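Residue strings, one per chain:
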Amino acid sequence: MQRPKLGVVVPLANEQNTIETLLAGVLEHLDSGDRIYCVLDNVSRDGTRGLVEEHGQRDERVRLVWAPENRCVVDAYFRGYREAMDDECEWILEMDGGLSHAPAEIPRFLDAMARGASFVAGSRFMSGSDMQTTPWRFVVSRGGTILANLMLGTRMRDMTSGFECFTRAALQRVLDRGVRSRAHFFQTEIRYLMHELNWVEVPISYRNPSSSIGSANLGEALRNLLILRREARRA
């Protein structure tokens, strides 16, 4: 049986040195009717946009989504979500555009979706996973997961990752509800929304040598976590 149409949402910035590798890796797992939505905005100042356009001329599965109205990373992801939904994708997978996530692991998500999951979450903290990053980033990600589970009553082993796949209905739930965060905490908000659905986690590899996590972002994450906790208590 032919699987449902897949849309891969990938926000990009200045990735001209890695974009060809990324596209080749993702396209290896796409059928002819699938699409990869490369979302770019004014943050991208190198040759990434031109390379995506050139690849799209050779392969119709590659779609450039130019979104100069974006004001933050959350805007980029949500623009990609809407593009995939408007294009009638039934499964929508999101991943990082800088090769922090491995395209070779896409089949793990598709296999779990085929078994009936509504949401498949990539986890860096389960058997078979691998996280190569700085100690500080590891502490923030692992500590954030533990804190979120304690405060929200969720049970996912990774509450802060952004490698994940939705059914159309599950993603519509995210679009209808929206998120408060303007930074990467929005991934935790999404996983909180998904925890009441039929979800499963799969192990992923994660590689990011940067230790840069701004104090403003951490403060925003804590404030939004407290708001989610109040909502969870009322629910």
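This text follows the structure it describes.
Residues numbered from 1 in each chain as written. Predicted model: local features only at pLDDT ≥ 70, side-chain atom pairs only at ≥ 80, totals over all residues. Heavy atoms only, no water.

(A) A look at the overall build of the protein chain. A count of helices and strands for the protein chain gives eight helices and nine strands. Seen through its principal axes, the protein chain has C-alpha atoms that stretch 50 × 40 × 35 Å. Buried residues in the protein chain amount to 51% of all 235 residues. Partitioning the contacts of the protein chain with sequence separation of at least 6, the portion at a separation of at least 24 is 81%. Accessible surface computed for the protein chain: about 10800 Å², of which carbon and sulfur atoms make up 49%. (Helix = DSSP H or I, 4+ residues; strand = E, 2+ residues; numbered from the N terminus. Buried < 20%, exposed > 50% of the residue type's maximum accessible area, 1.4 Å probe, protein only. Contact = heavy atoms within 4.5 Å. Areas by Shrake-Rupley, 256 points an atom, 1.4 Å probe, with all protein chains shown as cover.)

(B) The pairing of strand S3 (residues 62-66), seen in detail. Across five bridges, strand S2 (residues 35-40) lies against S3 in parallel orientation. Residue pairing for S3: Ile36 is matched across the bridge by Val62. In this view, the connection linking S2 to its parallel neighbour S3 by way of helix H2 (residues 48-58) has right-handed handedness. (Pairing = 2+ DSSP bridges. Right-handed = clockwise from strand over helix to strand, strands pointing away.)

(C) Layout of the environment of Arg79. Structurally, the position occupied by Arg79 is in helix H3 (residues 73-86). Residue class for Arg79 comes out buried when judged on its relative accessible area of 19%. Distance from Arg79 to Trp66, taken between C-alpha atoms, is 9.5 Å for residues 13 residues apart in sequence. Aside from chain neighbours lying at most four places away, what touches Arg79 is Val39, Val65, Trp66, Ala67, Glu69 and Asn70. A distance of 2.6 Å separates the side chain of Arg79 from the side chain of Glu69, its partner in a polar contact. (Polar contact = N/O pair within 3.5 Å; in protein donor to acceptor, adjacent residues only side chain to side chain.)

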